[in-house]
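Residue-level structural notes
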Amino acid sequence: AWKEKPYGAVYVGSNWQRWRQVHAFLDDYGKVRNEGGPACLIGWDWGERPDWAAQKAIMGVDTDPAFLAAEAVEVRHGVRFDEIVGLLGRAKFAPVIHRPLFKELGFVTNRTFETFYADSIPLLMLPEEFVEKIYGAAAKKLVPSKGIANLVADALKNPEAYWDAVLKTRTHLAAHHSYAVRIEELKKAVAK
């Protein structure tokens, strides 16, 4: 069933400070798109740069509609938060991308964790040291250190190894980053 998904890659999120990373992902993914399947961007302002941003010369909501068309990327408007995991699960792969400031500061977001709930292989577009610290050692297999196209091609040939990394990472996240763990940390902090 995994190989018959309608999309090869889906990213759900707004286009605010993410275009460079998304462009780099799609550019490399394009090398294996025929084998992997089409890509889809779901969120605010991927299809075109908004007039207000162009008029006021506000950077951060950049896009390239000609590039997206050439790469056959489907673009959809935003969705409700409770639809994200299901939409990510319609793809074989789901990139995890943080805004540059969040990457620099080492911040986590809901997407840091929520992509692992989906029935897709997360591609962690994050620094390896951050990945190991947050996700555990098994997640390093999901970092495209040799490029997106290489990881996707290998995962298409050998999905079991990548699903093993996903399952081990889910276990690590449950043990170290669940709500239950956070509640216990809060209880200890309040008790001090």
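Anything mentioned here points back to the structure above.
In what follows, the accompanying structure is described. Predicted model, so just to flag it, every value in this text is computed and none were measured.

Reading the values: the criteria
Along each chain, residue indices are assigned from 1 in the same order as the chain's sequence is written. Selection of residues for local features in this predicted model requires a pLDDT of at least 70, selection of side-chain atom pairs for listing and counting requires 80 or more, and totals for whole chains, interfaces and linings are taken over all residues. To obtain the side-chain values, all non-hydrogen atoms of the structure were included, while hydrogens and water were left out. Stacked, edge-to-face and tilted labels apply to pairs of Phe, Tyr and Trp rings (six-membered ring for Trp) whose centres lie within 6.5 Å, assigned for plane angles under 30 degrees, over 60, and everything in between, in that order. A run of DSSP states H or I qualifies as a helix once it reaches four residues; a run of E qualifies as a strand once it reaches two. Both are numbered from the N-terminal end. Each residue is assigned to one of three classes by its accessible area relative to the maximum for its type, calculated with a 1.4 Å probe on protein chains only: buried under 20%, partly exposed between the two thresholds, exposed over 50%. Any Lys NZ or Arg CZ found within 6 Å of a ring centre and within 35 degrees of that ring's normal is scored as a charge over the ring. Strand pairing requires that DSSP identify at least two bridges connecting the strands. Here, axes are lines fitted to C-alpha atoms. For helices the fit covers the stretch in contact, and angles between N-to-C directions go from 0 to 180 degrees. Any residue with relative accessible area above 30% and no salt bridge may belong to a patch, with like charges joined within 9 Å and the nonpolar Val, Leu, Ile, Met, Phe, Trp and Tyr side chains within 5 Å. Computed with a 1.4 Å probe, the accessible areas rest on the Shrake-Rupley method; for each residue, only the protein chains presented here act as cover. Within this document, salt bridges are pairs made up of a side-chain nitrogen of Lys or Arg and a carboxyl oxygen of Asp or Glu, the two lying within 4 Å of each other. Should an angle fall under 35 degrees it is called roughly parallel, over 145 degrees roughly antiparallel, and 65 to 115 degrees roughly perpendicular, with every other angle called oblique. For this analysis, residues touch if any pair of their heavy atoms sits within 4.5 Å. Detection works on a 1 Å grid of protein atoms alone, calling trapped sets that fit a 1.4 Å probe cavities and calling open sets with protein on both sides within 12 Å along at least five of seven lines pockets, with lining residues defined by an atom within 4 Å of a point. Grid points are joined across faces, edges and corners, and a volume is the space filled by probe spheres set on the points.

**Let's talk about the packing of aromatic side chains**
Tallied over the full model, the rule gives 5 aromatic pairs. Ring centres 6.3 Å apart and planes at 85° place the aromatic pair W19 and F67 in the edge-to-face group. Linking W19 in helix α1 (residues 19–29) with F67 in helix α4 (residues 65–70), this pair joins segments that are 48 residues apart in sequence. Each member of the pair, W19 together with F67, is buried. Chaining the aromatic ring pairs together yields one cluster made of Y11, W19, W46 and F67. Residue placement shows K141 over the ring face of Y162; its charged tip is 4.5 Å from the ring centre.

**Regarding the sheet that holds strand β3 (residues 74–76)**
On the basis of which strands lie adjacent, the open sheet formed by 5 strands has the order β3-β2-β1-β4-β5 and parallel pairing. Edge strands, defined here as strands with exactly one partner in the open sheet, are β3 and β5 (121–124). Averaged over all pairs of adjacent strands, the angle between their axes in this sheet comes to 25°, without regard to strand direction. Judged from the 2 bridges that link them, strand β1 (residues 7–12) and strand β4 (residues 91–96) form a sheet pairing that is parallel. The residue bridging A9 from the neighbouring strand is F93, located in β4.

**Some remarks on a nonpolar patch on the surface**
A grouping of W16, W44 and W52 is seen on the molecular surface, where their side chains present a nonpolar patch of about 300 Å² in accessible area. You can see W52 is positioned in helix α3 (residues 51–55).

**Brief notes about the packing of helix α10 (residues 159–177) against helix α11 (residues 179–191)**
Two elements in contact, α10 and α11, have axes separated by 5 Å at closest approach and are oriented at 25°. On the basis of the axis angle, α10 is roughly parallel to α11. Seen from α10, the contacting residues are A174, A175, H176 and H177; seen from α11, they are Y179, V181 and R182.

**Topic: empty space enclosed by the protein**
This model, assessed by the stated rule, comprises 1 cavity of 30 Å³ or more. Its boundaries defined by the atoms lining it, the largest cavity holds a volume of some 50 Å³. Every residue along the wall of the largest cavity is listed here: A9, V10, Y11, V22, F25, L26, A39, C40, L41, P95 and I97. Secondary-structure elements contributing two or more residues to the lining of the largest cavity are β1, α1 and β2 (39–42).

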